[in-house]
Amino acid sequence: EPEVTQTPSHQVTQMGQEVILRCVPISNHLYFYWYRQILGQKVEFLVSFYNNEISEKSEIFDDQFSVERPDGSNFTLKIRSTKLEDSAMYFCARGRGNTGELFFGEGSRLTVL
Amino acid sequence: GQNIDQPTEMTATEGAIVQINCTYQTSGFNGLFWYQQHAGEAPTFLSYNVLDGLEEKGRFSSFLSRSKGYSYLLLKELQMKDSASYLCAVRDLLLYDGGTSYGKLTFGQGTILTVHP
């Protein structure tokens, strides 16, 4: 059973549309992260979320992006007006263990046309 | 910021040993991680070093030298299923009003390893 479940697994959208990606952890955790990986490129940090607040965000995480934990369980990443360059795999991750290594969900593939 | 370098591609033969190097320059350091990523899948955790030296875990070992900004991942008794991308990642030290916390991981480009029969 996966520790982090992401939905949808794949979403195709038109440029300019809003997209919401969801992450559901199996158990309660304090640390969450969103990363993205454009095809053929490296895994890039977007934002980290600690104790229901943003603790860090990257330059990529501009005003088009937002994160929420609306019901204390689901963890969402919203892209308000998608651009072609937003096409990527989006990974939700949580910190785990004594080392705090990241455990990644299976990812949501976003294709913007 | 973080700057992480690792070779783009490597090839090796089944049963052999391969060493994947990673060098980094950081403004803060709180651990180095290695991840494995098969095509189309999420990265999976392999190893963690925060102190200098070698950490061994089965067929996989990872080494760290903080003074040199250098790490390597050693894979022994290579199997075909080890063909994957291997990602080196460095963690920041994040300070906030409540104390310290785990900072983000910054990933290198990854090394695509191809294992041949």
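Structure shown above.
Overview of the structure. Since we're looking at a predicted model, the values are computed, not measured.

**A closer look at the overall build of chain B**
Thought 1: Looking only at helices and strands, chain B has zero helices and eleven strands in total.
Thought 2: Reading chain B from its N terminus to its C terminus gives the helix and strand order β-β-β-β-β-β-β-β-β-β-β.
Thought 3: By the compact-globule yardstick of 13 Å for 117 residues, chain B fits well, its C-alpha radius of gyration being 15 Å.
Thought 4: Viewed in the frame of its principal axes, chain B has a C-alpha envelope of about 55 × 30 × 20 Å.
Thought 5: Burial statistics for chain B: of 117 residues in total, 49% are counted as buried.
Thought 6: Approximately 5,600 Å² of chain B is accessible, and the part contributed by carbon and sulfur atoms is 51%.
Thought 7: If the 8 positive side-chain charges of chain B are averaged to one point and the 11 negative ones to another, these points end up 4 Å apart.

**A few points about the state of the cysteines**
When the sulfur atoms of two cysteines share a covalent bond, that bond is a disulfide.
All names here are of chain A.
Thought 1: One pass over the full model with this rule turns up two disulfides over all chains.
Thought 2: What pairs with Cys23 in a disulfide is Cys92, and their sulfur atoms sit 1.9 Å apart. Since a negative S-S torsion denotes a left-handed disulfide, the Cys23-Cys92 link at about -60 degrees is left-handed. Placement of Cys23 in strand S3 (residues 19-25) and of Cys92 in strand S9 (residues 88-96) is noted, with a sequence separation of 69 residues between them.

**Side note on the environment of Leu110 of chain A**
Thought 1: Here Leu110 of chain A shows up in strand S11 (residues 108-112).
Thought 2: Residues Leu110 of chain A and Gln14 of chain A lie 96 residues apart in sequence; the distance between their C-alpha atoms is 11 Å.

**Considering the interface of chain A and chain B**
Thought 1: Contacts between the two partners involve 23 residues from chain A, matched on the other side by 22 residues from chain B.
Thought 2: Together chain A and chain B conceal approximately 1,800 Å² of surface at their shared face, both sides included; 57% is due to carbon and sulfur atoms.
Thought 3: The interface formed by chain A and chain B holds one salt bridge in total.
Thought 4: The partner of Lys104 of chain B in a salt bridge is Glu56 of chain A, with the nearest N and O atoms 3.3 Å apart.
Thought 5: Inspection of the region where chain A meets chain B yields four residue pairs in polar contact (both at pLDDT 80 or more).
Thought 6: Among the secondary structure elements, those contributing two or more residues to the side of chain A that touches chain B are strand S4 (31-37), strand S5 (43-50), strand S6 (53-57), S9 and strand S10 (101-104) of chain A.
Thought 7: Looking at the side of chain A that touches chain B residue by residue, the class counts come to ten nonpolar, nine polar and four charged.

**A look at the layout of surface pockets**
Rolled over the atoms, a probe sized like a water molecule indicates the empty space that remains.
Thought 1: Volume-wise, the largest pocket comes out at about 430 Å³.
Thought 2: Forming the walls of the largest pocket are 21 residues, and the residues nearest its centre are Gln37 and Gly40 of chain A together with Gln37, Ala39 and Ser85 of chain B.
Thought 3: If you list the elements that add at least two residues to the lining of the largest pocket, you get S9 of chain A together with strand S9 (84-96) of chain B.
Thought 4: Element by element, the count of residues in the lining of the largest pocket is highest for S9 of chain B, at three residues.
Thought 5: Residue classes in the lining of the largest pocket are distributed as eight nonpolar, eleven polar and two charged.
Thought 6: If you trace the second largest pocket, you find it lined by Lys42, Val43, Glu44, Phe45, Lys57, Ser58, Glu59 and Ile60 of chain A together with Lys104, Leu105, Thr106 and Phe107 of chain B.
Thought 7: Broken down by class, the residue content of the lining of the second largest pocket amounts to five nonpolar, two polar and five charged.

**Overview of the sheet that holds S3 of chain A**
Strand pairing in a sheet takes place through backbone hydrogen bonds and is either antiparallel or parallel in direction.
All names here are of chain A.
Thought 1: The strand order across the open sheet formed by four strands is S1-S3-S8-S7, and the pairing between neighbours is antiparallel. Each edge of the open sheet is held by one strand with a lone partner, namely strand S1 (4-7) and strand S7 (65-68). Averaged over all pairs of adjacent strands, the angle between their axes in this sheet comes to 15 degrees, without regard to strand direction.
Thought 2: In terms of strand pairing, S3 meets strand S8 (residues 75-79) through five bridges, oriented antiparallel. When the bridges of S8 are listed, Val19 appears paired with Ile79.

Definitions and cut-offs
- Residues numbered from 1 in each chain as written.
- Chains lettered and ligands numbered in written order.
- Predicted model: local features only at pLDDT ≥ 70, side-chain atom pairs only at ≥ 80, totals over all residues.
- Heavy atoms only, no water.
- Helix = DSSP H or I, 4+ residues; strand = E, 2+ residues; numbered from the N terminus.
- Rg over C-alpha atoms; globule rule 2.2 N^0.38 Å.
- Buried < 20%, exposed > 50% of the residue type's maximum accessible area, 1.4 Å probe, protein only.
- Areas by Shrake-Rupley, 256 points an atom, 1.4 Å probe, with all protein chains shown as cover.
- Lys, Arg positive; Asp, Glu negative; His and termini not counted.
- Charge placed at Lys NZ, Arg CZ, Asp CG, Glu CD.
- Disulfide = S-S within 2.5 Å.
- Contact = heavy atoms within 4.5 Å.
- Buried area = accessible area lost by both parts, 1.4 Å probe.
- Salt bridge = Lys/Arg side-chain N within 4 Å of Asp/Glu carboxyl O.
- Polar contact = N/O pair within 3.5 Å; in protein donor to acceptor, adjacent residues only side chain to side chain.
- Nonpolar A, V, L, I, M, F, W, Y, C, P; charged D, E, K, R; others polar.
- 1 Å grid on protein atoms, 1.4 Å probe; cavity = no way out; pocket = protein on both sides within 12 Å on 5 of 7 lines; lining within 4 Å.
- Points joined across faces, edges and corners; volume = space filled by probe spheres on them.
- Pairing = 2+ DSSP bridges.
- Axes fitted to C-alpha atoms, helices over the stretch in contact; angles between N-to-C directions.

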